[in-house]
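Summary of the model geometry
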Amino acid sequence: FCFMAAPGKVAAFRLPPLPTVGDIIKLFHLKAQKQLSQNFLLDLRLTDKIVRQAGELKNAHVCEVGPGPGGITRSILSAGVEQLLLIEKDARFIPGLQMLSEAAPGKVRIVHGDILTYKMEKVFPKHLKKNWEDEPPNIHIIGNLPFSVSTPLIIKWLENVSKKDGPFIYGRTQMTLTFQKEVAERLTANPGGKQRSRLSIMSQHLCTVENCFVIPGQAFVPKPEVDVAVVHFTPLVQPKIQQPFELVEKVVKSVFQFRRKYCFRGIGTLFPESGRLKRTEELMMTANVDPTLRPFQLSMSQFRNLCNTYRKMCDEDPSLFVYNYREELRQKKMRPLLKSTSQLEQTEEESQL
């Protein structure tokens, strides 16, 4: 990682006149890379609107993910933050961000690195740390995320929320992030909604999730084929499902494996083929879940019952949790192939004899 900071610090802050974001793009010959699913937001009224969704940022410590040419960065600085950490993977954007850093002496730190692997446990001052039960700390994560990164990144951060580590070692750090409109709808979907999915359960059982507003695709350069939504996350004091992240994810993933079928079909994939039907019935009866409901119809309390019951079954039989349905399926498909290979070798041996 490469760290850069402008020296000195000012008491009152206002950005001096700067080239527009469009001018920065031209000046440094920046071009959005399709393979990185990059889209630039140039309208500062929209970047201001995104930043307002984060809440009061005066004297706050903010981490911006993927600042690119620095549109949202300007809006964050204009909100009067104390410190701004920029994490940017694409080295082409660093010179333009350094220009912003020089315009805001002592406020900006730039990290050239990948947010998916970057450790955030020590990036903010210790005195900002709050107890989990307290109000959220004066720390915010903001980002216009590339589409290719958004889903794996939010799953990673939800796991951090569950374990109270990463950026959540400081307390219930709030996040304001952009997603494809369809992904945002999944994150906030209610039971019975057509967008209800694994993302809905994993995010809503750990956070209050708010779909703030939609930005039309034409506001971005280049224009993506989809609209973009801004989503705000505040971690809950108590998760709605009080089980380890890995267990909840396994149960939820299994349930949604066969989205259009009755939920017992997906729940069955939690168990080995021998005894699958009996154990599936036991799980669903104990959890009091109707086996003929579709996965997207299940409520949060039904998922909680399923996770709690599955946990008890795993405690009684530890081999259950390490069971992998797809691996069993793969081995099953391999058996005829191995058998035919073995027969072929035997035939060749006999012919040689």
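Residues numbered from 1 in each chain as written. Predicted model: local features only at pLDDT ≥ 70, side-chain atom pairs only at ≥ 80, totals over all residues. Heavy atoms only, no water.

Test applied: UniProt positions are given in the numbering used here, feature names are shortened, and annotations may be inferred rather than shown by experiment.
You'll find the chain entered in an unreviewed UniProt entry as rRNA adenine N(6)-methyltransferase, with Spizaetus tyrannus given as the organism. Heading Sequence similarities (unreviewed entry) of the UniProt record for the chain holds this comment: "Belongs to the class I-like SAM-binding methyltransferase superfamily. rRNA adenine N(6)-methyltransferase family. KsgA subfamily."

Structural notes on the pairing of strand β6 (residues 139-143)
Regular strands place side chains that alternate from one sheet face to the opposite one. Rules: Only protein chains enter the accessibility calculation, which uses a 1.4 Å probe; a residue is then buried when its area is under 20% of its type maximum, exposed when over 50%, and partly exposed in between. Each helix is a run of DSSP H or I of at least 4 residues and each strand a run of E of at least 2, with the numbering of both proceeding from the N terminus. Note: two strands are recorded as paired if DSSP finds a minimum of 2 bridges between them.
The buried count for β6 comes to five of five residues, which makes it a mostly enclosed element. Here β6 shows a buried face lined by I139, I141 and G143 and a second buried face lined by H140 and I142. Relative to β6, strand β3 (residues 61-65) runs parallel, the two being bridged by five bridges. Residue pairing in the sheet places C63 in a bridge with I141 of β6. Strand direction decides the pairing type here: β6 and strand β7 (residues 174-180), joined by four bridges, are parallel.

Digging into the UniProt feature "binding site: S-adenosyl-L-methionine" (unreviewed entry) in the chain
Stated formally: Residue contacts are defined here by distance: any two heavy atoms, one from each residue, within 4.5 Å place the two residues in contact.
Following the UniProt record, the feature "binding site: S-adenosyl-L-methionine" (unreviewed entry) maps to N39, L41, G66, E88, D114 and N144 here. Here N39 is to be found in the loop between α1 (21-27) and β2 (40-41). On the basis of relative accessible area, N39 is assigned to the buried category, the value being 18%. Residue contacts for N39: discarding those within four places in its chain leaves N144, F147, F220, V221, P222, K223 and P224. Note that G66 resides in the loop between β3 and α3 (71-78). G66 gets classed as partly exposed once you look at its relative accessible area, which sits at 25%. Discounting chain neighbours no more than four positions away, the residues touching G66 are I87, E88 and N144.

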